Amino acid sequence: MFGLDKKDTSLLIIVAALTMLAPFLLNPFPAESAMAQFNAGYPDLMQRFVIFGIFAIGFNILFGLTGYLSFGHAAFLGVGSYSAVWMFKLLSMNVVPAILLSVVVAGVFALLIGFVSLRRSGIYFSILTLAFAQMSFNLAYSVLTPITNGETGLQLTLNDPRVLGVSSTADGSIPVTNLFGAEMRATYELALGPWNFQFNTGYYLSAILMLLSFYLAIRIFRSPFGMMLRAVKSNQTRMNYTGLNSRPYALAAFVISGMYAGLAGGLMASMDPLAGAERMQWTASGEVVLMTILGGAGTLIGPVLGAGFIKYFENIFSKINESILHKWFAFMPDGLEDTLIALVYPFIGKGWHLTLGILFMLVVIFLPGGLVEGGQRIGRLFRRKKSDEKSDKSSQSTPAE
Amino acid sequence: MDAIILQILNGLDKGSAYALIALGLTLIFGTLGVVNFAHGALFMIGAFCAVTLSRILNLSFEIVDESRTDFLGNPLKFKTTYIETWLGPEMGGTIIEWAVPLAILFSIPIMIAIGFIMERGLIKHFYKRPHADQILVTFGLAIVLQEIIKYFYGANPIPTPAPSALTGSLDFGELLGFQANAVIYPYWRLVYFVFAALIIGGVFAFLQFTTFGMVVRAGMADRETVGLLGINIDRRFTIMFGIAAAVAGLAGVMYAPINSPNYHMGMDFLVLSFVVVVVGGMGSLPGAVLAGFLLGILESFASMNEVKSIFPGIDQIVIYLVAIIILLTRPRGLMGRKGVMED
Amino acid sequence: MGILEVKNVNKRFGGLQALGDVNLSVAENSCHAIIGPNGAGKSTLLNVLVGKLIPDTGSVMFDGQSVLGRKPYEINQMGISRVFQTPEIFGDLSVLENMMIPIFAKRDGSFRMHAIERSDQEKEVVEKAESLLEDLNMVDKRHFHSASMSRGDKRRLEIGMCLAQSPRLLLLDEPTAGMARADTNNTIDLLKQIKDERDITIAIIEHDMHVVFSLAERITVLAQGTPLVEDTPEKIKGHPKVREAYLGEAA
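Residues numbered from 1 in each chain as written. Chains lettered and ligands numbered in written order. Predicted model: local features only at pLDDT ≥ 70, side-chain atom pairs only at ≥ 80, totals over all residues.

Engineer: Which parts of the structure should I look at to understand the overall build of chain C?
Structural biologist: In terms of regular secondary structure, chain C is built from nine helices and 10 strands. For 251 residues, the compact-globule formula gives about 18 Å, and the C-alpha radius of gyration of chain C, at 19 Å, lands near that figure. A principal-axis box enclosing the C-alpha atoms of chain C has dimensions of 60 × 40 × 30 Å. Looking at chain C as a whole, 42% of its 251 residues qualify as buried. For chain C, the share of sequence-separated contacts (at least 6 apart) that also reach a separation of at least 24 residues comes to 67%. (Helix = DSSP H or I, 4+ residues; strand = E, 2+ residues; numbered from the N terminus. Rg over C-alpha atoms; globule rule 2.2 N^0.38 Å. Buried ≥ 20, exposed ≤ 12 C-beta atoms within 10 Å, placed from the backbone. Contact = placed C-beta atoms within 7 Å.)

Here it is, written out as structure tokens:
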């Protein structure tokens, strides 16, 4: 189906089903229960899952396929956000032109930066992209204030022209982002017994765009173009001596991944119409690196998993505080309880980044294929056990015969 | 003229920090071939060594003075530091006062130990892995180190003053015959510059005049050949890693009074230090020092109002701009050797 | 007039004269070997031929066009393929994919996004790659991870990838270096077969005299960056100057 083979089609269908049913799947605990804090099925967080999923899928097209490690991809995300907000200010609150513009502008920006940065490879490429991104961040923060509104960040006001829309609504407030009238923030709540599920328009728009991005990524991975990109990563010397100039391929991958980042930025602004320079900072670029590697660079599903994993734990893990820990460990004797809490506490709540850093290091050291490789290894372990059992049985039965 | 001298002086302290961090970075790259994204964290840990020592020295206990009472009639309570009790208020007070310079001694063993542990425990396993993996794992390590510091010291900057004897300023202008107050330079920054110059000189002398240094330099030039001579180059490189860590740490200790230490100062300096290393030339020690000072001074000139009025915002981007131009036109940097990491 | 004409090529590295007045003519559809002791300038000459080094003076013409100043991939597009001393293959890709890349390269470089194996155009490429692997007796290894094969198999694949481009000149840089005897003989047989079955010019740089004398039709002996003598293998064997150059190395 869709020009994919059976395995990829089923992967796509599984991912589609998971994203469409996410409001159910992410809210497995009744709203009033003690476990409700582990529910992730609220609009804001679900939007972040899929938007960062798009960002990471795009990054993976560059890093996973060509091996070029960019430390400046957040710049494209930031540019996308700014473009979208400007569209909301000048044109209308419809998200379609905003998202289109953010993709195009990010693509052009990526073309410029990529053209220059790809003249070098290896760590020089990383440092060049880092330098470009820091430059963009610093400029957005200072001189470009007329465009970016500097430290405060770009926001909508009641005085914006909005040629195709209204500057302010009838009751005098700023209009909200919408898709041909369907408000992004609109949420339908469904109460089923003790459960409470939320269906948000913005989430579904982002989810559909993520599925499209994911589909496109599969096509790229399985195409001759994708094979060329893997060839760039594998051996540039052989590539050159096969009559291929590797730069256009790497540049195409760079621009595509920049446009993915722009799409993510545009969506972010569509969900919440503001844009700040901090979205472009290199630590934000580092985050997408973490997501992609943690999930599994060079695999299809890895970046999506990584993005979901990091965003989930960032939001859920970091909410666990000391008193919650005390509740959990209450059944233990006091001394043991306190020691355990003292041991666990640095890694949760505000210490979540510490856990993330350690996890990331462990993955780079022991699991270069990320969570996906981890899953495969566990799967293989089980399969081997099963076959071991079978062979055990047969070897046991042999003497009996 | 006085304005130019002022800008050069202003560039020197930042330039000194850049040079010291870049020196360690390039030393590690040249000897071990590893790109260390955790090097900025070492600088940060150095600064927190100063914070820690000053906290230790300020540990205090309460004395209740029954002979005097406050206006409510309660006995007065005094906080006294242990060190003042042991060594007398004068001696103890001086020691507390001089916590930052004393932290130099305190930090050297700590930094060398951290360097050894890092190299033996982690980096060693990454010599043969691709540069991207080295970047990633040291990036992870940098996050871990800064989060640990954040856990213990909080997220806010911690002011760590220099000894009051060194907090004043020197009127350079008068010294050189300009108007009074035209070129004012804080003493501590002067101290920092001299200190940096001493350390840089020390590292160079060590590499130049000791047999150990000779072997390391030979190893930087051609690792295989040195290995063939039967010299255990790996152990020497471990020691070099410790030295690089100590240099970064010392740069951090002395920087504490200039910029109150916070947990992310390492990352802030790291990005710029990479730029410095690249501009100077990967693996070139003199290049790192030269580029460090040049870029520090350049940044300071770019922040002059006269320059900013012509090129608005240039102070924010000048270093990156220089790095991009250098990388594209002269990939081996100002003083890099031909053929070392050129593409 | 040969297909490859090297005229008065000089190259200095600092004080070292790596190549001094090299003149060389490789006839079309012949097998020409360049031999010489270590440091004779063989590798330098090869790097000049493929555009990696630019000589100080002189000219290198391939089929009437200068190769100097062109990038390696452009020279390859002119019809020169190179086999490296250590096999350069796409180690992360499967054997079949390795074989497909030169076919794509020959066609258009391919930015296309059809699913391979699912569109007719790409099927053609797969089939062609498989038939080439058949010729190399490697078709049963087509799904192997190429980096984990033996050196002999890697070499075989690399030569096959070069042939997939149907080049006019095949440059081989010590193709049997570091190989076991059996692998060396296999490689020689493969090259002989290529020579017999195809209209192709082969230039080979080699240390191993066994390889040289089983393949070459003409031999150029290089010493200290200068061609010493050029002749047929029979004449070279007994040539006093050659003996001197090699004995000199041994002493």
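Engineer: Help me understand the overall build of chain A, please; the structure alone is not making it clear to me.
Structural biologist: Helix and strand content of chain A: 17 helices and six strands. For a compact globule of 401 residues, the expected C-alpha radius of gyration is about 21 Å, and chain A comes in at 24 Å, within 12% of that figure. Seen through its C-alpha atoms, chain A measures out along the principal axes to roughly 90 × 65 × 45 Å. In chain A, which comprises 401 residues, the proportion classed as buried is 50%. For chain A, the share of sequence-separated contacts (at least 6 apart) that also reach a separation of at least 24 residues comes to 74%.

Engineer: How do you make sense of helix α16 (residues 352–366) of chain A when you look at a structure like this?
Structural biologist: Note that an α-helix has 3.6 residues per turn; residues three or four places apart therefore point the same way. The terminal C-alpha atoms of α16 of chain A lie 21 Å apart, and with 15 residues this matches the ideal 21 Å at 1.5 Å per residue to within 8%. Within the span of α16 of chain A, buried status applies to W352, L354, L356, G357, F360, V363 and V364 of chain A. (Expected span 1.5 Å × (residues − 1).)

Engineer: Help me out: how do you make sense of the environment of V253 of chain B in this one?
Structural biologist: Mapped onto the secondary structure, V253 of chain B falls in helix α10 (residues 233–255). Apart from the residues within four sequence positions on either side, V253 of chain B is in contact with G46, A47, C49, A50, V100, A103, I104 and S107 of chain B.

Engineer: I'm lost on the nonpolar core in this one. Help?
Structural biologist: Within soluble globular proteins, side chains that are nonpolar tend to cluster in buried spots. Counting 289 residues, the largest nonpolar core has F55 and A264 of chain A together with L23, V247 and V275 of chain B as the members making the most contacts within it. Here this core takes 16 residues from helix α11 (residues 246–271) of chain A, the largest share from any one element. For V275 of chain B, the contacting residues outside a window of four places in its chain are I127 and A131 of chain A together with I319, Y320 and A323 of chain B. (Core = buried A, V, L, I, M, F, W, Y, C linked by C-beta atoms within 7 Å.)

Engineer: Looking at this model, I keep getting lost on the interface of chain C and chain A. Mind explaining?
Structural biologist: You'll often see interface size given as the accessible area lost when the parts meet. Contacts between the two partners involve 29 residues from chain C and, on the opposite side, 25 residues from chain A. If you list the elements that add at least two residues to the side of chain C that touches chain A, you get α2 (72–78) and α3 (95–107) of chain C. By residue number, the principal contributor to the side of chain C that touches chain A is α3 of chain C, which donates six residues. A breakdown of the residues in the side of chain C that touches chain A according to their chemical character gives 15 nonpolar, seven polar and seven charged. (Nonpolar A, V, L, I, M, F, W, Y, C, P; charged D, E, K, R; others polar.)

Engineer: Is there a simple way to think about the sheet that holds strand β6 (residues 80–83) of chain C in this case?
Structural biologist: Paired through backbone hydrogen bonds, the strands of a sheet run either parallel or antiparallel to each other. Residues and elements named next belong to chain C. The six strands lie next to each other as β6-β7-β8-β3-β9-β10, forming an open sheet whose pairing is mixed. Unpaired on one side and paired on the other, β6 and β10 (226–231) mark the two borders of the sheet. On average, each strand axis in the sheet is inclined to that of its neighbour by 20°, with strand direction left out of account. Sheet analysis places strand β3 (residues 31–35) next to strand β8 (residues 201–205), joined by four bridges and oriented parallel. Looking at the pairing, C31 lines up with I202 of β8. (Pairing = 2+ DSSP bridges. Axes fitted to C-alpha atoms, helices over the stretch in contact; angles between N-to-C directions.)

Engineer: Teacher, can you tell me more about the interface of chain B and chain A here?
Structural biologist: At the junction of the two partners, chain B supplies 30 residues and chain A supplies 33 residues. Contributing elements (two or more residues each) for the side of chain B that touches chain A: α5 (131–153), α11 (265–280) and α14 (314–329) of chain B. Among the elements that line the side of chain B that touches chain A, the one with the most residues is α5 of chain B, at 14 residues. A per-class count over the side of chain B that touches chain A returns 23 nonpolar, four polar and three charged.

Engineer: Please clarify how the pairing of strand β4 (residues 57–62) of chain C should be interpreted in this entry.
Structural biologist: Taken residue by residue, a regular strand's side chains alternate between the two faces of the sheet. All names here are of chain C. By the bridge criterion, five bridges tie strand β1 (residues 4–13) to β4 in an arrangement that is antiparallel. In the sheet register, N10 faces β4, and the bridge partner there is T57. In this structure, β4 lies alongside strand β5 (residues 65–66), joined through two bridges in antiparallel fashion. In the strand pairing of β5, F62 is matched with Q65. If you look at the hairpin formed by β4 and β5, you'll find two residues sitting between the two strands, and D63 has a positive phi there, around 50°.

Engineer: I tried to follow the domain arrangement of chain C on my own but got confused; where do I start?
Structural biologist: Residues and elements named next belong to chain C. Here chain C is described as being made up of domain 1 (1–79 + 167–251) and domain 2 (90–166). Taking the mean C-alpha position of each, domain 1 and domain 2 sit 27 Å from one another. Ranked by residue count, the leading element in the side of domain 1 that touches domain 2 is helix α6 (residues 181–197), at five residues. Of the residues belonging to the side of domain 1 that touches domain 2, the class tally is six nonpolar, three polar and one charged. (Domains from an automatic or database assignment.)

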